[in-house]
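If you want the building blocks of each chain, they are given just below.
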Amino acid sequence: MDRLNVALIGAGAIHTCHVEGLRHTPGVHLTALVESDREKGAALARRYDCRYYMDYREMLRDKDIDAVHICTPHYLHREMIIASLTAGKHVFSEKPVGLNLLEVSLIRKAAAEAKGRLGVCFQNRHNPTSQAIREQLSEGSIGNMRGMKASLTWSRGGAYYTDSGWRGRFATEGGSLLINQAIHTLDLMQWFAGGVSRVKGVVDSTLLSDIIETEDSAMAMLRFTNGAHGVFHATTCYSTDSPLQLEIHGERGLLRLEESRLWRITENERTLLACDAPPEGDAKCYWGDGHQQAISQFYAAVREEGKGDYATLDDAARAQAVVDALYRSSQVRQWVDILP
């Protein structure tokens, strides 16, 4: 296959991770940038030496474009994914693909009729510690899983929401903490356990209740399909962005992620298994260093060089199902089942 020409829609903070990922992926080239802010978009297009469009629909008519990366606000993802797939492009989108499972179902219909692939950026799956956890669980090093807990304590001040114009509103962000930040943690939990069958939890706006209509804190119990149960806590009301804390309790020991280091702990030993290095360039530390791997694996699949270990629409739907169920559970104060 010849070189793949890629267009990037959206030039917010996360777009630089995609630019760097594309630069380090052989056989792909950043050919076009779409940005509604003309001055900003034109300046970035000059920096990246690529074409510039203000309207993504005009870009989709460019027959030279093979693939599209979507880095826009949440409420634009569904329409841009569907339009890009319909135009015959491959699509790699930031999470979430939609604001809820209804939007995911609309995307699924378009994806089923499309020739191009759809990948979703759950980059934390590619962290060395995440890969090591999957390997340890596959090998059965701690025996059958009995439980899992995760705690995410980050910081998002009022300006993070008021300066954006779309964050902190259900209509445009779809929620806040769960669908924006903690969705990565929930995805890892369900990925490690093989799925979630039901949840019961509470989400609320606490410290930022006078600024946002969405949530900044959540706590929940999860029942996994493997029979184990999970404890989940997350907030963006802390004073700084702390590394994710996650622990898996097995019959013969623990896998514990703390301070970006993964330990296997048994009765007789404590073994360091993997460490997550801080990302390079302008990427924020809490994004992790997995964008490069996520992007390269997606294009390996596009080129049919093996399967390509990338997150699909089905993966995105499973994470979205947990998020939707937690929102629903908080409303009805009951367990909510997640259909397979």
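Everything here concerns the structure above.
Residues numbered from 1 in each chain as written. Predicted model: local features only at pLDDT ≥ 70, side-chain atom pairs only at ≥ 80, totals over all residues. Heavy atoms only, no water.

So, about the sheet that holds strand 11 (residues 245-250). Strand pairing in a sheet is mediated by backbone hydrogen bonds. Such pairs are either parallel or antiparallel. Spatially, nine strands are ordered 14-13-12-11-7-10-9-8-15 in an open sheet, and the strand pairing comes out mixed. Strand pairing shows two members of the sheet lacking a second neighbour, strand 14 (270-275) and strand 15 (336-337), which therefore form its edges. Inspection of the sheet shows strand 13 (residues 261-265) paired to strand 14 by five bridges, in the antiparallel sense. By the bridge assignment, R264 is partnered in strand 14 with T271. Here helix 11 (residues 313-332) sits on the sheet and contacts strand 8 (196-204), strand 9 (217-224), strand 10 (229-235) and strand 15; the angle it forms with strand 8, its principal contact strand, is near 55 degrees. (Pairing = 2+ DSSP bridges. Helix = DSSP H or I, 4+ residues; strand = E, 2+ residues; numbered from the N terminus. Contact = heavy atoms within 4.5 Å. Axes fitted to C-alpha atoms, helices over the stretch in contact; angles between N-to-C directions.)

Let's shift gears to the layout of surface pockets. Its boundaries defined by the atoms lining it, the largest pocket holds a volume of some 830 Å³. Taken together, 38 residues make up the lining of the largest pocket; nearest its centre are I14, C71, T72, W166 and R167. Among the elements that make up the lining of the largest pocket, the one with the highest residue count is helix 4 (residues 74-86) (five residues). (1 Å grid on protein atoms, 1.4 Å probe; cavity = no way out; pocket = protein on both sides within 12 Å on 5 of 7 lines; lining within 4 Å. Points joined across faces, edges and corners; volume = space filled by probe spheres on them.)

This part is about the sheet that holds strand 4 (residues 67-70). Pairing is parallel in the open sheet, where six strands are placed in the order 3-2-1-4-5-6. The open sheet has two edge strands with one neighbour each: strand 3 (51-53) and strand 6 (118-121). Direction aside, the axes of adjacent strands within the sheet are offset by 25 degrees on average. Inspection of the sheet shows strand 2 (residues 28-34) paired to strand 3 by three bridges, in the parallel sense. Paired with L33 across the strands is Y52, a residue of strand 3. This element, helix 4, spans strand 1 (4-9), strand 4, strand 5 (90-94) and strand 6 of the sheet and lies at about 165 degrees to strand 5.

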